[in-house]
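A structural walkthrough
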Amino acid sequence: MNDFMEEAIKLSKRNFKTHDGGPFGAVVVKNGKIIGRSANCVIKNNDPTAHAEIMAIRAACAKIKSYDLSDCELYTSCYPCPMCLAAIIWANIKTVYYGNTKKDAANIGFRDDFIYEYLKVLSDGKQNAKVLKLKPLNRKEAIKAFEMFKNQKNKTIY
């Protein structure tokens, strides 16, 4: 077994014993070394965004003092949920290795499939107000900050 995947799985198994969150673990690797690792900390942190992948990305970014992980790979014990996939993309990670599948996660009660379906409906231009209401408000004022940013010469796009 791959050492990095073994570490991700070890973190997921240890989390089962601590009850800090679900049975998920992840590591971020750069140049053959782990620079970020975490298990799921949703329950421990009272934070629904504290998934293993997100926490490992946060740790890696803090370690290398950069928001850009384009030279890194992520190893995770399960196929990433939609939130984690978005974070992985924002971090510029190009390769993810995963152990369990989305179906495996659904079989133990995690509702990633529900969110995937909702995002699919949104991409078709529709909304399901029973799930989430998305309402535009005060764009005329909000757009001013975007215009200022657009016209700024010295800016960082990430």
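As the structure is a prediction and not an experimental result, all values here were calculated from the model.

**Notes on the nonpolar core**
In terms of nonpolar packing, the biggest core is built from 17 residues, with Val28, Ile35, Ile57, Leu69, Leu74 and Ile93 touching the most fellow members. Breaking this core down by element, the ones donating at least two residues are β1 (25-30), α3 (52-64) and β3 (72-78). Setting aside residues no more than four positions away along its own chain, isoleucine 93 makes contact with Ile57, Leu69, Cys72, Glu73, Leu74 and Ile88. With eight residues, the next largest nonpolar core counts Phe4, Leu11, Val29 and Tyr75 among its residues.

**Here we look at the pattern of salt bridges**
Think of it this way: side chains of opposite charge can pair up when their charged atoms draw near. Scanning the model with the defined rule gives three salt bridges in all. We note a salt bridge from glutamate 7 to lysine 10, for which the minimum N-O separation is 3.3 Å. In this pair, glutamate 7 and lysine 10 both sit in helix α1 (residues 3-18), three residues apart, roughly one turn of the helix. In this structure, the salt-bridge partner of arginine 37 is glutamate 7, at a minimum N-O distance of 2.8 Å. Here glutamate 7 lies in helix α1 and arginine 37 lies in strand β2 (residues 33-39), a separation of 30 residues in the sequence. Classification of arginine 37 by relative accessible area gives partly exposed; the value is 41%.

**Things to note about the layout of surface pockets**
Which parts of space are left empty comes out when a probe the size of a water molecule is rolled across the atoms. The space that makes up the largest pocket amounts to roughly 460 Å³. Lining the largest pocket are 20 residues, and of these His51, Cys81, Met83, Asp112 and Ile115 lie nearest its centre. Elements with a minimum of two residues in the lining of the largest pocket: α3, α4 (82-90) and α6 (112-123). No other element matches α4, which puts three residues into the lining of the largest pocket. Residue composition of the lining of the largest pocket, by class: 14 nonpolar, three polar and three charged. Reported here for the second largest pocket is a volume of approximately 160 Å³. Lining the second largest pocket are Ile9, Ser12, Lys13, Pro23, Phe24, Ser77, Cys78, Gly99, Asn100, Asp104, Ala105 and Ile108. Of all the secondary structure elements, the ones that give two or more residues to the lining of the second largest pocket are α1, β3, β4 (95-100) and α5 (102-107). Broken down by element, the lining of the second largest pocket gets its largest block of residues, three residues, from α1. Residues of the lining of the second largest pocket, tallied by class, amount to six nonpolar, four polar and two charged.

About the criteria used
Residues numbered from 1 in each chain as written. Predicted model: local features only at pLDDT ≥ 70, side-chain atom pairs only at ≥ 80, totals over all residues. Heavy atoms only, no water. Core = buried A, V, L, I, M, F, W, Y, C linked by side-chain atoms within 4.5 Å. Buried < 20%, exposed > 50% of the residue type's maximum accessible area, 1.4 Å probe, protein only. Helix = DSSP H or I, 4+ residues; strand = E, 2+ residues; numbered from the N terminus. Contact = heavy atoms within 4.5 Å. Salt bridge = Lys/Arg side-chain N within 4 Å of Asp/Glu carboxyl O. 1 Å grid on protein atoms, 1.4 Å probe; cavity = no way out; pocket = protein on both sides within 12 Å on 5 of 7 lines; lining within 4 Å. Points joined across faces, edges and corners; volume = space filled by probe spheres on them. Nonpolar A, V, L, I, M, F, W, Y, C, P; charged D, E, K, R; others polar.

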